[in-house]
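Residue-level listing of the chains:
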Amino acid sequence: MSKQYSIAEARKNFTSAVNEAENGERVELTRRGRPVAVLISLDEYGQLANGRRSFWESYENYLRRYASPEIDIGDVFEGVRDPSPGRDFSW
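This section reports on the structure supplied with the text. These figures come from a predicted structure and were not determined experimentally. (Residues numbered from 1 in each chain as written. Predicted model: local features only at pLDDT ≥ 70, side-chain atom pairs only at ≥ 80, totals over all residues. Heavy atoms only, no water.)

### Structural notes on the pairing of strand β3 (residues 34-39)
It is a general feature of regular strands that their side chains alternate between the two faces of the sheet. In plain terms, the rule: Strand pairing is assigned whenever DSSP detects at least two bridges linking the two strands. Every helix listed is a DSSP run of H or I at least four residues long, and every strand listed is a run of E at least two residues long, numbered separately from the N terminus.
Relative to β3, strand β2 (residues 27-31) runs antiparallel, the two sharing five bridges. The partner of T30 across the bridge, within β3, is P35. Connecting β2 to the next strand, β3, in antiparallel fashion are two residues, including R32 with a positive phi near 55 degrees.

### So, unusual backbone geometry
The residue R32 is not glycine, and still its phi comes out positive at about 55 degrees. For R32, the position within the fold is in the loop between β2 and β3.

### A short note on the side chain of T30
For clarity, the threshold we go by: Any residue under 20% of the maximum accessible area for its type is buried, any over 50% is exposed, and the rest in between are partly exposed; the area is computed with a 1.4 Å probe on protein chains only. We call two residues in contact whenever any of their non-hydrogen atoms come within 4.5 Å of each other.
Counting through the fold element by element, T30 comes out in strand β2. Relative accessible area serves as the criterion here: at 7%, T30 is assigned to the buried category. The contacts of T30, once residues within four sequence positions are left out, are Q4, Y5, S6, I7, P35 and V36.

Right, here's the structure in full:
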């Protein structure tokens, strides 16, 4: 947890606590010094609520968020795989 507020402090600093969560920080709320809740961004909540994603869904999400038109990875793996059929095998 990067930030921690008592519930009373969170009331006073609600806007900044929400802004911190929105910017990707987890905000822990405490009562009498004990953690009772966590404030997180909507994106992080969506990831947690939807459960585990498949590799392909995660990859597509990565491309949507971070892919750049200047980067073309289409030819990066060309010629890497050996096209030969491999060795003969039998049980």
